[in-house]
Amino acid sequence: MNKNKISFWRWLGFALAVFGAFILGNANTASQSFGWTLCTASCMIWVFMGIKDKDIPRTLMEIMYFVIGIRAIINWLN
């Protein structure tokens, strides 16, 4: 994979995490599922980056956050 493409995905993962955390922190219950969706998408990007970097601890941590994010999205939508 091209280094510029990898850099793009890392920056996108970071931006999604920042925007998701901002939305989660605004205490508006109507937007919580969207905030969790952004954060979960960010986690998936970081899972792929962790696999690419062969960084097992980071990959496992991001998988854990991804699963928790899916659970949170389901809980907020119900």
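In this text, all values refer to a predicted model and were calculated from it rather than measured experimentally.

A. Spotlight on the pattern of salt bridges. Counted according to the given criterion, the structure contains four salt bridges. One salt bridge connects Lys52 with Asp53, and the closest N-O pair in it is separated by 3.7 Å. The class of Asp53 is partly exposed, set by a relative accessible area of 31%. We note a salt bridge from Asp53 to Arg58, for which the minimum N-O separation is 2.6 Å.

B. Looking closely at the packing of aromatic side chains. Within this structure, the stated rule accounts for two aromatic pairs. Judged by centre distance (5.4 Å) and plane angle (75°), the rings of Phe8 and Trp9 are edge-to-face. What makes Phe8 partly exposed here is its relative accessible area of 49%. Overall, Trp9 belongs to the partly exposed group, its relative accessible area being 36%. Ring geometry for Trp11 and Phe14: centres 5.8 Å apart, planes at 85°, overall edge-to-face. Of this pair, Trp11 and Phe14 both sit in helix H1 (residues 3–24), three residues apart, which is roughly one turn of the helix. We classify Trp11 as exposed; its relative accessible area is 58%.

C. Structural view of the confidence of the model for the chain. Here the chain shows a mean pLDDT of 92. Residues at 70 or above account for 99%. Looking at the elements of the chain, mean pLDDT is at its lowest for H1, recorded as 92, and at its highest for helix H2 (residues 32–53), recorded as 95.

D. Fine view of the side chain of Ser33. Here Ser33 is to be found in helix H2. Judged by relative accessible area, Ser33 falls into the buried class, the value being 16%. Excluding residues within four positions of it along the chain, Ser33 makes contact with Ile73, Trp76 and Leu77.

Cut-offs applied
- Residues numbered from 1 in each chain as written.
- Predicted model: local features only at pLDDT ≥ 70, side-chain atom pairs only at ≥ 80, totals over all residues.
- Heavy atoms only, no water.
- Salt bridge = Lys/Arg side-chain N within 4 Å of Asp/Glu carboxyl O.
- Buried < 20%, exposed > 50% of the residue type's maximum accessible area, 1.4 Å probe, protein only.
- Phe/Tyr/Trp six-rings, centres within 6.5 Å; stacked < 30°, edge-to-face > 60°.
- Helix = DSSP H or I, 4+ residues; strand = E, 2+ residues; numbered from the N terminus.
- pLDDT = per-residue confidence, 0-100.
- Contact = heavy atoms within 4.5 Å.

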